[in-house]
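Reading the structure
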Amino acid sequence: MSDDDFLVNIENLRFDYGDRPVLRGIDMRIPRGRVVAIMGGSGCGKTTLLRLISGQLRPTAGTVRVAGEAISEMSHARLYAFRRRMGMLFQFGALFTDLSVFDNVAFPLREHTDLPEDMIRDLTLMKLQAVGLRGARDLMPSTLSGGMARRVALARAIALDPALIMYDEPFTGLDPISLGVIGQLIRQLNDALGATSIMVTHDVQESLRMVDYIYFISEGRVVAEGRPEDVRDSADPFVHQFVAAKADGPVSYHFPAPDMAAEFLGAAHV
Amino acid sequence: MSRVLDMLRFLGGQVIDRVWRLGRASCFFLAVLMKSGAALLRFSLLFREIWFAGVLSLLIILVSGLFVGLVLGLQGYEILQRYGSAQALGTMVALSLLRELGPVVAALLFASRAGSAITAEIGLMKATEQLKAMDMMAVDPVARVVAPRFWGGVISMPILAMLFSTMGILGGWLIGVVFLGVDDGAFWSSMRASVDFRHDVWNGVFKSVIFGVAVSLIAVFEGYYSEPTAEGVSRAITRTVVTSALVILALDFVLTSFMFKGMS
Amino acid sequence: MKRSVLDLWVGFFVAIGIGALLFLSLKVSSFSGIDPQETYTVSARFDNIGGLKVKAPVRSAGVLVGRVMDIRLDAETYEALVEMRINSHYLFPADSFAAIYTSGLLGDQYIGLQAGVETEKLLAEGSEIKRTQSAVVLESLVSQFLFNKAEEGQGTP
């Protein structure tokens, strides 16, 4: 595949929070039209990576290119122009609590287009229909369940038919049924819109079922990658630990600490 | 010795922190002003915030204004009639309300009613990632969320202060004329004779506009820069109320000393 | 909250705000501030202005006709030079008489204008009132009184 086939190109990406390195050199290529999962334990820098791709953070070193343009070198106006073609689903939906379901989904349309109100209504109802919540249009976000809120947020994220959709932990805190629904929606919407999806998650089983490619991140580096069928049978110790949900392995169960014997016998206090 | 050093260090840290916040608030103020175009042109946004800051504060402002007027009427009558000048009650009530009590007390009430609500709203939007989501939709949160709230407060404040003064004068009239028997004509005519529109009414309105800018800026600033946690938001709300009260009283002193200097 | 209900409330809010402003401007206060377009400035010299202040009223027959705008000391004659703005509705003869009075026993001081008789020549922008009377300073009044008493005592041994 040529460079043009990849919507997102990440090269040697580094990011430090103050003195603490979070990402230590990531290389990644996201092909157009695919659903790609980025997996790893909590706090491994997955969400940071997503924020770097969307331009919310600036990298310490390295570049993120979206459609050939370096995100970190863009002006504010150019970045906003790009973001109109990006959709992002936040971990808990991040719906506007003072707006109804309908107004939430209509929000990007009203802000970015001059369409007449009846056309906005039709478009909004179509997006809500796509996530199966056309009947819930008049509800307020506070009355929705977690799964429904996430679906409304998904409808809002795709309101402007984005070319790139990003998902931050879309499965967290959902019951198995809602989880399956969201997983299916992500797949369907991606294919229907001809978009590219990047999904940050630690839900292995659901991801293996629906994505095209998986990157594993640990301690700020890509440690493994591959298609779901390769991942399932992988001999790589990290992937094996993650997929089989083992407590200890390459990812240590213990937070780095001084030697236990030394600590308990008082040697460390001297 | 180390005690003294600790105290000095504490003092230095506090001063640096304050100066830093002041500088940041000034930059934020400029940003809000520069991004105010949409807020002022889209009436639906502005109306919602006038409703939120102004209409919802109406009840507390009207009731407090009435009571302050009643108390001024009682106390003023008691003092003035000792000198046989009870008919000056209208002048006293109107001048104290228009020049000081109206703008200041209305601003203090506004800070605790509307200012705290604005901080809470923006702080919670930040804590639940709504501001970030907006930014990701290529909608600037300062232009869409902060600026309308700021202007809603700035527009509401002088209206509330005028209503406060009006209710207070009516309260003073109620006590003085209806209950204590001050002559109705003398009450109004002595008031009209000594209250000057430009010096008293207009200066009071001007004061309340300044207070409106200060309180609204503090409220949106504290909300926007609050820590995105439940505890952080509650601390930001407290800071809004306390800082607003101090700033209102300090500004009032400065404005008064400029406005009423050398007036006879 | 429906849009229309919200608009109604905001409309009501702004309307009672305008109502309050009308009440404050028409019922509570009066426009004593003088429009500079409709005034003329005249000056007067006094030996002593007592406690006269800038913005003090200028009255004629008790009616407010203007305000004191500026008070300076003339460096050559050591007299106080007072500038005042008079409402152009009121025209005074050039030989009018200006005096500094006190309202009440210890009240604020103001300038009283007494119209002269020379009706052909009027005070205009920049003209000076020649005939003035200084403020009555209470201390000098009291000391004069005591001095006179003392002299009387000496005169009739």
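Going by the structure above, here's the rest.
Residues numbered from 1 in each chain as written. Chains lettered and ligands numbered in written order. Predicted model: local features only at pLDDT ≥ 70, side-chain atom pairs only at ≥ 80, totals over all residues. Heavy atoms only, no water.

**Here we look at the overall build of chain A**
Along the backbone of chain A there are 10 helices and 10 strands. Against the globule reference of 18 Å for 270 residues, chain A gives a C-alpha radius of gyration of 20 Å, in line with a compact fold. Its C-alpha atoms give chain A principal-axis dimensions of roughly 75 × 40 × 40 Å. A burial count over chain A gives 49% of its 270 residues as buried. (Helix = DSSP H or I, 4+ residues; strand = E, 2+ residues; numbered from the N terminus. Rg over C-alpha atoms; globule rule 2.2 N^0.38 Å. Buried < 20%, exposed > 50% of the residue type's maximum accessible area, 1.4 Å probe, protein only.)

**What to know about the interface of chain B and chain C**
If you look at the interface, chain B gives 30 residues, while chain C gives 30 residues. Where chain B touches chain C, the interface holds one residue pair in polar contact (both at pLDDT 80 or more). Of all the elements in the fold, those that place two or more residues in the side of chain B that touches chain C are helix 3 (43-53), helix 5 (89-127), helix 7 (141-179), helix 8 (184-194) and helix 9 (197-224) of chain B. Per element, the largest residue contribution to the side of chain B that touches chain C is eight residues, and it comes from helix 7 of chain B. (Contact = heavy atoms within 4.5 Å. Polar contact = N/O pair within 3.5 Å; in protein donor to acceptor, adjacent residues only side chain to side chain.)

**Let's talk about the packing of helix 7 of chain B against helix 9 of chain B**
Helix-helix packing: each pair is described by the crossing angle between the helix axes and the interaxial distance. Residue and element names in this part refer to chain B. Running from N to C, helix 7 and helix 9 point in directions that differ by 150°, and their axes come no closer than 8 Å. Here helix 7 is positioned roughly antiparallel relative to helix 9, judged by the angle of their axes. As helix 7 runs across helix 9, the sense of the crossing is right-handed. In this structure, helix 7 uses Pro141, Val142, Val146, Arg149, Phe150, Gly153, Val154, Met157, Pro158, Ala161 and Met162 to contact helix 9, whose residues at the interface are Val205, Ser208, Val209, Phe211, Gly212, Val213, Ser216, Leu217, Val220 and Tyr224. Among the residues forming the contact of helix 7 with helix 9, the class breakdown is 16 nonpolar, four polar and one charged. (Axes fitted to C-alpha atoms, helices over the stretch in contact; angles between N-to-C directions. Parallel < 35°, antiparallel > 145°, perpendicular 65-115°, else oblique. Left-handed = near helix turned anticlockwise from the far one by under 90°. Nonpolar A, V, L, I, M, F, W, Y, C, P; charged D, E, K, R; others polar.)

**Some thoughts on the pairing of strand 1 (residues 39-46) of chain C**
Residues and elements named next belong to chain C. Burial analysis of strand 1 places seven of its eight residues in the buried class, the great majority of the element. Judged from the eight bridges that link them, strand 1 and strand 4 (residues 80-87) form a sheet pairing that is antiparallel. Counterpart to tyrosine 40 in the pairing with strand 4 is isoleucine 86. By the bridge criterion, two bridges tie strand 1 to strand 7 (residues 128-129) in an arrangement that is parallel. By the bridge assignment, serine 43 is partnered in strand 7 with glutamate 128. (Pairing = 2+ DSSP bridges.)

**Remarks on the arrangement of the chains**
Ranked by contact count, the leading pair among the two pairs of chains in contact consists of chains B and C. Across all C-alpha pairs, the smallest distance from chain A to chain C is 10 Å, and the two are not in contact.

**A few points about the packing of aromatic side chains**
Residue and element names in this part refer to chain B. Summed over all chains, the structure comprises 16 aromatic pairs over all chains. Judged by centre distance (5.2 Å) and plane angle (80°), the ring pair of phenylalanine 150 and tryptophan 151 falls under edge-to-face. A ring pair is formed by phenylalanine 221 and tyrosine 225, whose centres lie 5.1 Å apart and whose planes are at 50°; its orientation type is tilted. The exposure class of phenylalanine 221 is buried, given its relative accessible area of 6%. (Phe/Tyr/Trp six-rings, centres within 6.5 Å; stacked < 30°, edge-to-face > 60°.)

**What to know about the interface of chain A and chain B**
The partner chain B presents 19 residues to the 22 residues of chain A that form the contact. Each partner contributes to the roughly 1,700 Å² buried at the junction of chain A and chain B, and carbon and sulfur atoms together form 58% of this total. Linking chain A with chain B are three salt bridges. In this structure, Arg144(B) engages Glu111(A) in a salt bridge whose closest nitrogen and oxygen atoms are separated by 2.6 Å. The interface formed by chain A and chain B contains seven residue pairs in polar contact (both at pLDDT 80 or more). For the side of chain A that touches chain B, the secondary-structure elements that each account for two or more residues are helix 2 (76-83), strand 6 (86-89) and helix 3 (101-112) of chain A. Tallied by class, the residues present in the side of chain A that touches chain B amount to 10 nonpolar, six polar and six charged. (Buried area = accessible area lost by both parts, 1.4 Å probe. Salt bridge = Lys/Arg side-chain N within 4 Å of Asp/Glu carboxyl O.)

**Describing the pattern of salt bridges**
All names here are of chain B. For the structure shown, the criterion picks out 32 salt bridges over all chains. One salt bridge in this structure joins glutamate 121 and arginine 48, with 3.0 Å as the shortest N-O distance. Of this pair, glutamate 121 sits in helix 5 while arginine 48 is found in helix 3, placing the two residues 73 residues apart along the sequence. Residues participating in the shared-partner salt-bridge network are Arg48, Glu49, Glu121 and Arg149.

**So, the side chain of Ser60(C)**
Here Ser60(C) is to be found in strand 2 (residues 57-60). Residues within four places of Ser60(C) in sequence aside, it is in contact with Val65(C), Phe92(C) and Leu113(C).

**Observations concerning empty space enclosed by the protein**
This structure, assessed with the given rule, holds three cavities of 30 Å³ or more. Here the largest cavity defines a volume of roughly 130 Å³. Around the largest cavity sit 14 residues that line it, and Met86(A), Gly87(A), Arg156(A), Ala157(A) and Met137(B) are the ones nearest its centre. Only strand 6 and helix 5 (146-157) of chain A together with helix 6 (130-136) of chain B provide two or more residues apiece to the lining of the largest cavity. In terms of residue class, the lining of the largest cavity is made up of 10 nonpolar, one polar and three charged. For the second largest cavity, the calculated volume is near 50 Å³. Forming the boundary of the second largest cavity are Leu98(B), Pro103(B), Pro158(B), Ala161(B), Met162(B), Ser165(B), Val201(B), Gly204(B), Val205(B), Ser208(B) and Leu24(C). Only helix 5, helix 7 and helix 9 of chain B provide two or more residues apiece to the lining of the second largest cavity. Its residues assigned to classes, the lining of the second largest cavity shows eight nonpolar, three polar and no charged. (1 Å grid on protein atoms, 1.4 Å probe; cavity = no way out; pocket = protein on both sides within 12 Å on 5 of 7 lines; lining within 4 Å. Points joined across faces, edges and corners; volume = space filled by probe spheres on them.)

**Comments concerning the sheet that holds strand 8 (residues 131-133) of chain C**
Residues and elements named next belong to chain C. Pairing is mixed in the open sheet, where eight strands are placed in the order 7-1-4-3-2-6-5-8. Unpaired on one side and paired on the other, strand 7 and strand 8 mark the two borders of the sheet. Across six bridges, strand 5 (residues 97-102) lies against strand 6 (residues 109-114) in antiparallel orientation. Across the sheet, residue threonine 102 finds its bridge partner in strand 6, namely glutamine 109.

**Describing helix 6 (residues 176-193) of chain A**
Residues and elements named next belong to chain A. The end-to-end C-alpha separation of helix 6 is 26 Å, in line with the 26 Å expected for 18 residues at 1.5 Å each. Taken together, the buried positions of helix 6 are Ser178, Leu179, Ile182, Gly183, Leu185, Ile186, Leu189 and Asn190. Considered in projection along helix 6, the buried side chains sweep an arc of 160° and stay on one side of the axis. The outward face of helix 6, more than 90 degrees from its buried face, is lined by the exposed residues Pro176, Ile177, Gln184 and Ala192. Buried residues along helix 6 sit in contact with strand 3 (35-39), helix 4 (117-130), helix 5, strand 7 (164-168), strand 8 (196-201) and helix 7 (204-210). Between the side-chain oxygen of the N-cap and the backbone nitrogen of isoleucine 177 there are 3.0 Å, and the N-cap of helix 6 in question is aspartate 175. Note on helix 6: the residue one or two positions beyond its end, glycine 194, has a positive phi of about 65°. (Expected span 1.5 Å × (residues − 1). Arc of directions from axis to C-beta.)

These results come straight from atomic positions and should not be treated as a statement about function.
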